[in-house]
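Secondary and tertiary structure notes
Residues per chain are reported as follows:
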Amino acid sequence: METHRKASARLTAALASSRQGQDALRSQLRSQAEDIDRLEAENAEWRDAIRTLRANLARLQSIHQTDSQDLVHLAGKLLALTQATGVELHSSTKALFRRRGWTATKRNPETQSQ
């Protein structure tokens, strides 16, 4: 009978230890599930932020391209106007035009004498 009681006590202790282990694992699992939920929410926020940044970048690139085209158009008009009127360009403007490859053709001799 003593052996039976010892075996029963060991079994009870083993069951208690097993329950404690299960409780600890359940607690860990709950904690990890909460971490996953938090990380998924953060991930969704980051994805939204990335989407917004990409949309802003596309908008800014479009604006930049339009501005660049407008400036090239204006530079061409300015170059044509200076050639037609004989007005000399500012040296920094001439340097900028040269860097861009927008060189003026030689003026007519009549335009230079005026």
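What you see is a predicted model; the values in this text were computed from it and never measured.

A separate point is the overall build of the protein chain. In terms of helices and strands, the protein chain carries 3 helices and 0 strands. Along the protein chain, helices and strands appear, N-terminal first, in the series α-α-α. Relative to the globule expectation of 13 Å for 114 residues, the C-alpha radius of gyration of the protein chain, 40 Å, shows a markedly less compact shape. The dimensions of the protein chain, computed from C-alpha atoms along their principal axes, are 130 × 20 × 15 Å. Among the 114 residues that make up the protein chain, the fraction classed as buried is 5%. Surface exposure of the protein chain reaches about 10100 Å², of which carbon and sulfur atoms provide 56%. The distance from the centre of the 18 positive side-chain charges to the centre of the 13 negative ones in the protein chain is 6 Å.

A rise of 1.5 Å per residue sets the reference length of helix α1 (residues 2–85), with its 84 residues, at 124 Å; its end C-alpha atoms lie 122 Å apart and thus fit the reference within 8%. If you check which residues of α1 are buried, you get Ala75, Leu79 and Thr82. The secondary structure elements touched by the buried residues of α1 are α2 (91–100). Taken from the residues just after α1, Gly86 is the one with a positive phi, measuring 80 degrees.

Let us now look at the pattern of salt bridges. Side chains carrying opposite charge are able to pair once their charged atoms draw close together. All chains considered together, the criterion is met by 6 salt bridges. Salt-bridge contacts for Glu2 lead to Arg5; the nearest nitrogen and oxygen are separated by 3.2 Å. Residue Glu2 and its partner Arg5 are located together in helix α1, separated by 3 residues, close to a single helical turn. Note that Lys94 and Glu88 form a salt bridge whose closest N and O atoms lie 2.6 Å from each other. One continuous salt-bridge network, built from bridges that share partners, spans Asp35, Arg38 and Glu42.

Of note, Glu45 is situated in helix α1. Glu45 gets classed as exposed once you look at its relative accessible area, which sits at 57%. When the C-alpha atoms of Glu45 and Ser92 are compared, they prove to be 48 Å apart, with 47 residues separating the residues in sequence.

Moving on, we get to the confidence of the model for the protein chain. Counting all residues, the mean pLDDT for the protein chain is 89, and 90% of those residues have values of 70 or more. By mean pLDDT, helix α3 (residues 109–113) is the weakest element of the protein chain at 42, and α1 is the strongest at 95. Of the regions scoring below 50 in pLDDT, residues 106–114 engages in 9 contacts with residues more than four places distant in sequence or in other chains.

What follows deals with the environment of Asn56. Within the secondary structure layout, Asn56 lies in helix α1. Distance from Asn56 to Ala44, taken between C-alpha atoms, is 18 Å for residues 12 residues apart in sequence.

Rules behind the numbers
- Residues numbered from 1 in each chain as written.
- Predicted model: local features only at pLDDT ≥ 70, side-chain atom pairs only at ≥ 80, totals over all residues.
- Heavy atoms only, no water.
- Helix = DSSP H or I, 4+ residues; strand = E, 2+ residues; numbered from the N terminus.
- Rg over C-alpha atoms; globule rule 2.2 N^0.38 Å.
- Buried < 20%, exposed > 50% of the residue type's maximum accessible area, 1.4 Å probe, protein only.
- Areas by Shrake-Rupley, 256 points an atom, 1.4 Å probe, with all protein chains shown as cover.
- Lys, Arg positive; Asp, Glu negative; His and termini not counted.
- Charge placed at Lys NZ, Arg CZ, Asp CG, Glu CD.
- Expected span 1.5 Å × (residues − 1).
- Contact = heavy atoms within 4.5 Å.
- Salt bridge = Lys/Arg side-chain N within 4 Å of Asp/Glu carboxyl O.
- pLDDT = per-residue confidence, 0-100.

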